[in-house]
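# Summary of structural features
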Amino acid sequence: MKECSVYKKALTLAVPMMIQNGITNAVSLVDNLMVGSLGTESMTAVSIVGQLIFVFFLAVFGGLSGPGIYSAQYYGQGNREGFQNVFRLKLWITAVIIAAGMILFVTNGERLINLYLQGSSQGLDAAATRAQGLDYLHIMLVGLLPFAFTQIYAGSLREMGESVKPMVAGIASVFVDIIFNYLLIYGKFGFPRLEVRGAAIATVMARFAEMLIVVIWTHISIQKYEFLKKIYRTLRVSMTEARVILIKGFPIFMNEFMWSGGMAALTQCYSMKGLQVIAGLNISNAICNLLNVVFIAMGNAVGIIIGQNLGASRFEEAKHSAKKLRWFTTGLCLILTVLLVCCSKAFPALYDTSEYVRYLGQWFIIITAVFFPVQGFLNVLYFTLRSGGRTVITFLFDSVFTWVVSVTLAFSLCRYSSLPVLAVYALVQSADMIKVIVGYILVRKGVWITNLVA
């Protein structure tokens with residue numbers, strides 16, 4: 001009965017996140033298909049900028065994740081003042097990240113896009129790709145603020161065990177995105193045909209819609225959320241407490257920032273084999289991201305459940321939950337592997353691109369699918385270690401490994417070997433087995449079992 005309650009609690013938290021992120025990624029998939037119908041240059045431009053914006057998104061996520069550990073444990077402890085101090089600290093952290101992101105993208109946007117245009121470009125216009133990428137990037141910058149503010153509220157609500165409101169806000173933003181994508185990309189019903197710029201405008205509108213819904217709805221029903229009452233009576237935070245949280249959370253921020261940067265670097269390495277590779281990866285990511293929300297949401301749920309248990313000093317329950325949910329998530333990912341392999345040939349056929357790009361997309365999907373169970377297992381290990389504040393370990397475990405092993409391996413094989421890009425991609429994916437072994441040993445040893453707010 002106890003085991004069933006663990007699964008039920010995890011799914012209660014994870015399923016709304018899966019629905020929200022799944023629908024969001026489904027919209028990204030629809031966006032992808034719409035932009036893909038404009039040609040390979042447009043699809044490649046949006047893919048490159050999407051990879052760069054992804055680094056910002058993960059920087060926000062990383063900046064909020066460290067404080068989020070304390071929020072979950074303060075909530076488990078019933079400490080309202082501590083929870084509110086962490087919320088205010090999140091506001092300041094986010095403001096700094098937004099300012100830094102804006103400066104970087106405004107001053108170096110073209111240079112960053114050019115990094116992906118160094119490979120061969122058979123049948124592709126690199127100049128057109130660059131121009132469309134810059135148009136898309138400049139508009140997308142407007143959406144950075146609402147995205148970040150939404151993450152503050154959504155994360156805080158989830159740390160209190162409320163994941164429905166962020167889900168509903170995400171679903172509403174999806175409809176805004178789909179409708180205005182159709183109207184602005186193709187110029188329907190009297191709207192101008194803006195193509196790639198239209199896709200960016202629709203996405204920004206969706207970001208604002210999501211932010212307004214989650215913030216307004218939360219404050220309308222503030223009686224339900226005692227921990228957020230009078231949250232803006234001051235923006236001051238205790239520097240003593242902030243210092244402790246920032247020191248503990250900084251490795252998480254650096255981990256997410258460096259990991260996402262590592263993913264961008266990996267794509268840049270693969271692009272040495274040709275611009276068509278980016279288009280193929282874009283097709284693969286569109287469908288794979290739709291399904292990887294399962295293990296991402298399960299990882300978040302595991303982190304919240306274990307964090308609340310640790311904050312209440314229920315250490316045995318935390319160990320039991322971590323073990324059960326680790327294998328449960330792996331089982332779910334095996335199902336996803338089968339689904340992805342089954343649609344690997346049909347999905348790339350939906351794109352208006354070359355046969356070679358479709359071929360690459362198909363095999364990138366298959367290779368990614370094979371490693372889904374590994375990624376699911378790893379994700380739960382990561383969140384288990386992080387829930388106990390072992391942020392330095394997770395920093396080494398995740399982003400340092402990505403740069404030292406994955407990026408180095410990809411760069412060396414792409415630059416100095418004649419191996420086809422699919423073989424390189426498979427070898428880089430298989431290197432994660434090293435992390436599985438090390439992470440499993442650390443979790444079994446219980447190095448993460450600690451109460452940070454005692």
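Small disclaimer: the values here were computed from a predicted structure and weren't measured. (Residues numbered from 1 in each chain as written. Predicted model: local features only at pLDDT ≥ 70, side-chain atom pairs only at ≥ 80, totals over all residues. Heavy atoms only, no water.)

### Here's the deal with the overall build of the protein chain
- When its secondary structure is counted, the protein chain shows 16 helices and 0 strands.
- Computed over its C-alpha atoms, the radius of gyration of the protein chain comes to 21 Å, within 12% of the 22 Å expected for a compact globule of 454 residues.
- In terms of overall dimensions, the protein chain has a C-alpha envelope of 60 × 50 × 40 Å along the principal axes.
- Long-range pairs, those at least 24 residues apart, make up 84% of the contacts in the protein chain with a sequence separation of at least 6.
- Entry remark: accessible area of the protein chain is about 18500 Å², with carbon and sulfur atoms responsible for 67%.
- Of note, the protein chain has its 35 positive side-chain charges centred 9 Å away from the centre of its 21 negative side-chain charges. (Helix = DSSP H or I, 4+ residues; strand = E, 2+ residues; numbered from the N terminus. Rg over C-alpha atoms; globule rule 2.2 N^0.38 Å. Contact = heavy atoms within 4.5 Å. Areas by Shrake-Rupley, 256 points an atom, 1.4 Å probe, with all protein chains shown as cover. Lys, Arg positive; Asp, Glu negative; His and termini not counted. Charge placed at Lys NZ, Arg CZ, Asp CG, Glu CD.)

### Some remarks on the nonpolar core
- Formed by 130 residues in total, the largest nonpolar core has its most connected members in F56, F105, L228 and Y270.
- Here this core takes 16 residues from helix 2 (residues 40-77), the largest share from any one element.
- Not counting chain neighbours up to four residues away, the residues in contact with L228 comprise F83, Q84, F87, L157, M160, T218 and I222. (Core = buried A, V, L, I, M, F, W, Y, C linked by side-chain atoms within 4.5 Å. Buried < 20%, exposed > 50% of the residue type's maximum accessible area, 1.4 Å probe, protein only.)

### Considerations on the packing of aromatic side chains
- Enumeration over the complete set of coordinates arrives at 19 aromatic pairs.
- Judged by centre distance (5.9 Å) and plane angle (10 degrees), the ring pair of F253 and F257 falls under stacked. Of the two residues, F253 and F257 are both situated in helix 8 (residues 239-270); the distance of 4 residues between them amounts to about one turn of the helix.
- The class for F257 is partly exposed, based on a relative accessible area of 36%.
- K165 extends its terminal NZ or CZ atom over the ring of W217, reaching a point 4.6 Å from the ring centre. (Phe/Tyr/Trp six-rings, centres within 6.5 Å; stacked < 30°, edge-to-face > 60°. Lys NZ or Arg CZ within 6 Å of the ring centre and 35° of its normal.)

### Here's the deal with a nonpolar patch on the surface
- A cluster of nonpolar side chains, I434, I437, V438 and I441, forms an exposed patch at the surface whose accessible area comes to about 350 Å².
- Tracing the sequence through the fold places I441 in helix 16 (residues 433-445).
- On the accessibility criterion, I441 (43% relative accessible area) is partly exposed. (Patch = residues over 30% accessible without salt bridge, like charges linked within 9 Å, V, L, I, M, F, W, Y side chains within 5 Å. Salt bridge = Lys/Arg side-chain N within 4 Å of Asp/Glu carboxyl O.)

### Some points on the pattern of salt bridges
- All told, the structure shown has 6 salt bridges when counted by the stated rule.
- Among the ionic pairs, E195 bridges to R193, the shortest N-O distance being 3.0 Å.
- With its nearest N and O atoms 4.0 Å apart, the salt bridge here joins K435 to D432.
- The exposure class assigned to K435 is buried, which follows from its relative accessible area of 7%.

### Points about helix 5 (residues 144-159)
- Spanning 16 residues, helix 5 covers 23 Å between terminal C-alpha atoms, matching the ideal 22 Å at 1.5 Å per step.
- By the criterion of burial, helix 5 is predominantly enclosed, with 13 of the 16 residues buried.
- Directly after helix 5, the chain includes G161, whose backbone phi takes a positive value near 90 degrees. (Expected span 1.5 Å × (residues − 1).)

### Concerning the confidence of the model for the protein chain
- Here the protein chain shows a mean pLDDT of 85. Residues at 70 or above account for 96%.
- Looking over the protein chain, one finds the lowest element-wise mean pLDDT in helix 1 (residues 2-36), namely 75, and the highest in helix 15 (residues 421-430), namely 95. (pLDDT = per-residue confidence, 0-100.)

### What about the side chain of R88?
- Along the chain, R88 falls in helix 3 (residues 80-114).
- Overall, the relative accessible area of 2% leaves R88 in the buried class.
- Residues contacting R88, with those up to four places away along its chain left out, are K230, I231, R233, T234, L235, R236 and V237.

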